[in-house]
Each structure stands twice: as structure tokens, then as C-alpha cells.
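Residue-level structure breakdown
What follows is the residue order along each chain.
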Amino acid sequence: MSLVLGLLSHTLGRVLRYSGLHRGCHAPRKQAMEQDKALEVYDIIRTIRDPEKPNTLEELEVVTESCVEVHEIGEDEYLVIIRFTPTVPHCSLATLIGLCLRIKLQRCLPFRHKLEIYISEGTHSTEEDINKQINDKERVAAAMENPNLREIVEQCVTEPD
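If you look the protein up in an unreviewed UniProt entry, it shows as Cytosolic iron-sulfur assembly component 2A from Dromaius novaehollandiae. Checking UniProt for the protein, the heading Subunit (unreviewed entry) contains the comment "Monomer and homodimer. Component of the CIA complex. Interacts with CIAO1. Interacts with IREB2. Interacts with APAF1." In its Sequence similarities (unreviewed entry) section, the UniProt record describing the protein reads: "Belongs to the MIP18 family."

Here it is in C-alpha cells:
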């Protein structure tokens with residue numbers, strides 16, 4: 001009997017150690033979950049079409065896997081941070097790209113989230129103003145009430161057949 005208990009104790013100790021649960025540590029599992037969520041977010045945004053070009057944001061390297069961060073902020077709730085890079089520092093459509101990212105994620109993310117979208121630091125001449133616009137709920141709502149703008153956003157976020 002003591003041999004069985006010894007083996008059970010040893011096996012359980014190894015399971016806890018390799019799973020990151022010894023000493024109450026959940027960090028490895030939490031980090032893996034956040035990375036999985038970040039890949040899930042990237043998979044949603046990579047297919048968004050550029051408003052002026054026939055390419056996706058992934059093809060133009062406006063978004064990459066490394067531009068997505070996800071952090072758990074509560075039970076089953078996550079902070080999603082996107083930092084995208086416009087193709088040129090004076091891109092006139094950077095605000096529209098940010099709007100497309102926001103709309104697609106609001107529609108498609110299957111988990112509760114808070115969303116922050118920014119232009120990568122130093123990659124646009126008016127990044128501060130654009131960052132404020134694309135993270136202001138009232139401005140986003142007003143933009144989506146404009147039928148012309150809404151049509152452009154729909155064309156960009158709709159998945160190709």
C-alpha cells in the first residue's frame with residue numbers, strides 16, 4: 001500500500017510541476033491561453049482588405065502576428081491590443097483601417113473583450129490624433145452612421161468567397 005501511495009505522490013508531484021500548478025502558479029497556462037487568443041484575433045484581422053489596394057492587411061504587413069497582444073483582465077474577459085503599421089507615414093486611410101479593425105473584431109471575437117487599437121509608435125505623422133479617434137466609441141458610432149463610410153468598411157471586412 002505504501003508503495004502505491006509513494007508512486008501516486010511522485011506522479012502527482014510531476015504532473016503539478018510540469019503543468020505549472022506547483023506553488024499555486026498558473027502563469028504558464030495563462031500565458032499559453034493569451035497566446036492562443038492573440039492568434040485567434042490575428043486570424044480574424046489578417047483578411048481585412050486595404051481600402052485602396054486589392055491586398056489584405058496581412059499581405060501589406062499592416063498587421064502581423066506580433067502586432068496583437070491579449071491580456072486576461074477578469075474571469076473570461078480579455079484586453080485586446082492591436083498596433084498596426086500604415087504603409088506610409090502620411091497614409092490618409094489610417095483612420096479607416098483602424099475603424100475596419102474595430103468593426104471586424106467587435107463582430108467576430110467569440111469572447112468578452114475590451115479593445116484598444118493604436119498605430120505603431122513613430123509610423124504615422126498624426127498617430128496621436130488617429131489613436132484618439134479610433135478608440136472613441138462615439139466617433140466610431142458616428143462614422144458607422146455615414147452610409148458611404150459604412151459601405152467601404154463592409155467591403156473591407158467582408159470575407160472573400
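1. Describing the overall build of the protein
On a plain count of helices and strands, the protein comes out with 6 helices and 3 strands. Written out in order from the N terminus, the α and β elements of the protein read α-α-β-β-α-β-α-α-α. Within the protein, buried positions represent 35% of all 161 residues. Put simply, of all contacts in the protein between residues at least 6 apart along the chain, 60% involve residues at least 24 apart. With an accessible surface of roughly 10200 Å², the protein has 52% of that area assigned to carbon and sulfur atoms.

2. Side note on the nonpolar core
Within the largest apolar cluster, 38 residues are counted, with the highest numbers of intra-cluster contacts made by Val41, Ile45, Val68, Ile82, Phe84 and Leu101. Elements that contribute at least two residues to this core include exactly helix H2 (27-45), strand E1 (68-74), strand E2 (77-84), helix H3 (94-108), strand E3 (112-119), helix H4 (127-134), helix H5 (137-145) and helix H6 (147-157). Among the elements that take part in this core, H3 stands out by supplying 8 residues, more than any other. Among all residues touching Val68, those that are not within four sequence positions of it are Ala38, Val41, Tyr42, Ile45, Ile81 and Ile82.

3. Description of H6
Buried residues of H6: Val153, Cys156 and Val157, and no others. What you see down the axis of H6 is that its buried residues fit within an arc of 85°, all on one side. Pointing more than 90 degrees away from the buried face of H6 are the exposed residues Pro147, Asn148 and Gln155.

4. Observations regarding the side chain of Glu116
As for its position among the elements, Glu116 is in strand E3. With a relative accessible area of 17%, Glu116 lands in the buried category. Among the polar contacts made by the side chain of Glu116, one reaches the side chain of Lys114 at a distance of 3.0 Å. In this structure Glu116 touches Leu79, Val80, Ile81, Ile82, Arg102 and Asn135, once residues within four positions along its chain are discounted.

5. Notes on the side chain of Arg102
Locating Arg102 in the fold gives a position in helix H3. In this structure Arg102 is buried but unpaired, with Glu116 as the nearest side chain of opposite charge at 8.2 Å. Setting aside its immediate chain neighbours within four residues, Arg102 contacts Leu115, Glu116, Ile117, Ile134, Asn135 and Val140.

Rules used throughout
Residues numbered from 1 in each chain as written. Predicted model: local features only at pLDDT ≥ 70, side-chain atom pairs only at ≥ 80, totals over all residues. Heavy atoms only, no water. UniProt positions renumbered as here; feature names shortened; annotations may be inferred. Helix = DSSP H or I, 4+ residues; strand = E, 2+ residues; numbered from the N terminus. Buried < 20%, exposed > 50% of the residue type's maximum accessible area, 1.4 Å probe, protein only. Contact = heavy atoms within 4.5 Å. Areas by Shrake-Rupley, 256 points an atom, 1.4 Å probe, with all protein chains shown as cover. Core = buried A, V, L, I, M, F, W, Y, C linked by side-chain atoms within 4.5 Å. Arc of directions from axis to C-beta. Polar contact = N/O pair within 3.5 Å; in protein donor to acceptor, adjacent residues only side chain to side chain. Lys, Arg positive; Asp, Glu negative; His and termini not counted. Salt bridge = Lys/Arg side-chain N within 4 Å of Asp/Glu carboxyl O.

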